[in-house]
Amino acid sequence: MQFSALSLAYNALTGHRHWKPTWRDAAPKDAYDIVIIGGGHGLAASYYLAKEFGFRNIAVLDKGWIGGGNIGRNTTIVRSNYLLPGNIPFYELSMKLWEKLEDDLNYNTMVSQRGVLNLFHSDAQRDAYARRGNAMRLEGVDAQLLHREEVRAMAPFLNFDNGRFPIQGGLLQKRGGTVRHDAVAWGYARAASDLGVDVVQNCEVTGFRIDNGKVEGVETSRGFIRAGKVAVAVAGNSSRVMSLAGMRLPIETHVLQAFVSEGLKPAIPGVITFGAGHFYISQSDKGGLVFGGDIDGYNSYAQRGNLPVIEDVCEGGMAVMPMLGRARLLRGWGGLMDMSMDGSPIIDRTPIDGLYLNAGWCYGGFKATPASGFCFAHLLATGTPHPTAEAYRLDRFETGHLIDEKGVGAQPNLH
Ligand SMILES: Cc1cc2nc3c(=O)[nH]c(=O)nc-3n(C[C@H](O)[C@H](O)[C@H](O)COP(=O)(O)OP(=O)(O)OC[C@H]3O[C@@H](n4cnc5c(N)ncnc54)[C@H](O)[C@@H]3O)c2cc1C
């Protein structure tokens, strides 16, 4: 379907009853070269498989609707302000793909590079951010260390003189920002579908057929589907789905909540994160303040969270930005986070021939969507990892080559 001023006017005048579906709602075929489970990163992977590697006989299966997973539940923040060599080039690849995504997909995903500012509140934290900024710049990524008055010029409404957490400055990545999350799902689904990919909704994978160590296909709620290769990208359901193939993953599932206020006039210039508590906020183009904080501390597969965490997040917000208390909270929701034991993701083949895994994204997988899709497609098409994703091996938990970005070890609640 093509968008134009004419089609917009025609549909507006006819009660929006004649829009055609953005992508084909395909029924599953009996067999594919590649079956991808999960309509988040999986959609991106299918698009790059078709576009960059010439595959066409691909299906993306999702047990729900496209955009119903974390890809449509996140707080839309994108950035590449990482510290470790295993991470920076990968997230910077993603940032570069975001920068040209709208042209690439011919779809308005509302990529807005409004800047990501991480506040610091102590000398030790300043040193840590200076180190992070230097690591980024060494890899060619933009980073600026701002002093207190520079932060004040950007965001005068912050609580600079909080008794416990005075704001001393911040680390700014100007190229970071926000992207409309569900438009990303729709844009990839449309572009993949146009290239011949079958995007199949309401199709839950319930098992794997594995013969002699090789995967032959998947059992689904809509019957058996044969596949040359099977790729799993199901976020918080990773441990459940992979257990169907007899694998136990170094992943725990937790709920992460997010919140949005009533619509307000433009107040917040970009994304701001509170360095002393776990709180991050931005303002959507509709005017809502979009914010979040910690994961709920217990393991759960329920896509909704608990009241104490809502209170904790709002307290963090009030500490750094007291004006938040004047806004009414409109909605809150939750998503299932695949918390890996070192806080970094997995993009790898598994010990089962033909079965591939993309998981462990924790809080941060939305910003990774383009690079994750691209690198997963590279792995599926060529059998070798993309150079920027080489460190995301499944066996690193066995060999000890962890990518412990935050240096907190195997504690998902601290990642
Ligand atoms: C509240 C919240 C805020 C967040 N904020 C940010 C942020 O600001 N920036 C950022 O970078 N990241 C953020 N994240 C994290 C980010 O959203 C995720 O890491 C990322 O979207 C994961 O992508 P995915 O493709 O792995 O998962 P998903 O988009 O969840 O896709 C997985 C899909 O698999 C499907 N599925 C599961 N089991 C099966 C099955 N058996 N059969 C078929 N299909 C199945 C699900 O229905 C789902 O649609 C946030 C997450 C949440 C919940």
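Sequence positions are assigned chain by chain, starting from 1 and proceeding in written order. Where totals are concerned, whole chains, interfaces and linings use all residues; where local detail is concerned, this predicted model gives features only for residues with pLDDT of at least 70, and gives and counts side-chain atom pairs only at 80 or more.

Draft legend 1. Structural view of the packing of helix H2 (residues 41-53) against helix H7 (residues 181-194). Helix axes use the C-alpha atoms of the stretch in contact, all axes being lines fitted to C-alpha atoms, and the angles between their N-to-C directions lie in the range 0 to 180 degrees. Starting at the N terminus, helices and strands are each numbered in turn, a helix being any DSSP run of H or I of at least four residues and a strand any DSSP run of E of at least two. Interaxial distance between H2 and H7 falls to 9 Å at its minimum, and their mutual angle equals 35°. Judged by the twist between their axes, the crossing of H2 over H7 is left-handed. Packed against H2, whose contacting residues are Leu43, Ala44, Ser46, Tyr47 and Ala50, the element H7 presents Ala185, Tyr188, Ala189, Ala191 and Ala192 at the interface. Its residues assigned to classes, the contact of H2 with H7 shows nine nonpolar, one polar and no charged. Helix crossings are classified by the rotation of the near helix relative to the far one: an anticlockwise turn of less than a right angle makes the crossing left-handed, while a clockwise turn makes it right-handed. Any pair of residues counts as being in contact when their C-beta atoms, constructed from backbone geometry, are within 7 Å of one another. Gly is put with the polar residues, along with every residue not named as nonpolar or charged; the nonpolar set is Ala, Val, Leu, Ile, Met, Phe, Trp, Tyr, Cys and Pro, and the charged set is Asp, Glu, Lys and Arg.

Draft legend 2. Molecular detail of the nonpolar core. What we call a nonpolar core is a set of buried Ala, Val, Leu, Ile, Met, Phe, Trp, Tyr and Cys residues whose membership is set by joining through C-beta atoms within 7 Å. Three exposure classes are used. Buried residues have 20 or more other C-beta atoms within 10 Å of their own C-beta, exposed residues have 12 or fewer, and partly exposed residues fall in between, all C-beta atoms being placed from the backbone. In terms of nonpolar packing, the biggest core is built from 119 residues, with Val35, Ile37 and Ala231 touching the most fellow members. Looking at which element gives the most residues to this core, the answer is H7, with eight residues. In this entry, domain limits derive from an automatic or database-based domain assignment. Taken domain by domain, the makeup of this core includes at least three residues from each of domain 1 (23-77 + 181-250 + 342-414) and domain 2 (92-180 + 252-340). The contact partners of Val35, leaving out residues within four places of it in the chain, are Ala59, Leu61, Val218, Ile225, Ala227 and Val230.

Draft legend 3. Structural detail: the site of the ligand. Lining the immediate environment of the ligand, one finds 36 residues, of which Gly40, Gly69, Ala235, Gly335 and Gly365 sit closest. Per-element accounting of the shell around the ligand gives the leading share, three residues, to strand S12 (residues 251-263). Counting contributing residues, the shell around the ligand receives three or more from each of domain 1 (23-77 + 181-250 + 342-414) and domain 2 (92-180 + 252-340). A molecule or strand has a residue near it when that residue's C-beta atom, placed from backbone coordinates, lies within 6 Å of it.

Draft legend 4. Up close: helix H1 (residues 5-13). By the criterion of burial, H1 is predominantly exposed, with just zero of the nine residues buried. Phi for Gly15, located one or two positions after H1, is positive at around 70°.

Draft legend 5. Region of interest: the pairing of strand S4 (residues 116-120). By the criterion of burial, S4 is predominantly enclosed, with five of the five residues buried. Here a strand pair is declared whenever DSSP counts at least two bridges between the two strands. Pairing analysis gives five bridges linking S4 to strand S6 (residues 169-173), with the strands arranged antiparallel. The residue bridging Leu117 from the neighbouring strand is Leu172, located in S6. Bridging between S4 and strand S13 (residues 271-274) involves three bridges; their strand directions are parallel. What sits directly across from Asn118, in S13, is Thr273.

Draft legend 6. Spatial organisation of the domain arrangement of the protein. Parsing the protein into structural domains produces domain 1 (23-77 + 181-250 + 342-414) and domain 2 (92-180 + 252-340). Once you take the C-alpha centre of each, domain 1 and domain 2 turn out to be 26 Å apart. Domain 1 puts 38 residues into the contact, and the matching count from domain 2 is 34 residues. Going through the elements one at a time, H7, helix H8 (238-243) and helix H10 (369-382) are the ones with two or more residues in the side of domain 1 that touches domain 2. The dominant element in the side of domain 1 that touches domain 2, judged by the number of residues it contributes, is H7, at eight residues.

Draft legend 7. Representation of the environment of Phe208. Examined against the element boundaries, Phe208 turns out to sit in strand S9 (residues 205-211). As a C-alpha pair, Phe208 and Thr220 span 12 residues in sequence and 8.8 Å in three-dimensional space. Apart from the residues within four sequence positions on either side, Phe208 is in contact with Val215, Val218, Val230, Leu244 and Ala245.

Draft legend 8. Helix H9 (residues 307-320), seen in detail. To estimate the expected span of a helix, count its residues, drop one, and scale the result by 1.5 Å. Relative to the 20 Å expected for 14 residues at 1.5 Å per residue, H9 spans 21 Å between its end C-alpha atoms, a close match to the ideal helical length. Restricting attention to buried positions, one finds in H9 the residues Val309, Val313, Gly316, Gly317 and Val320. For H9, the angular spread of the buried residues around the axis is 100°, confining them to a single face. Within H9, the exposed residues directed more than 90 degrees away from the buried face are Leu307, Pro308, Glu311 and Glu315. Turning to H9, the residues buried within the fold contact S4, S12, S13, strand S14 (279-283) and strand S15 (288-299). Taking the helix axis as origin, the arc is that swept by the directions to the C-beta atoms.

Draft legend 9. Quick look at the pairing of S13. Burial of S13 is two-sided: the residues Val271 and Thr273 facing one way and the residues Ile272 and Phe274 facing the other way are all buried. Summarising the sheet, S13 and S14 pair through three bridges and their orientation is antiparallel. Paired with Phe274 across the two strands is Phe279, which belongs to S14. Joining the antiparallel neighbours S13 and S14 is a turn of four residues.

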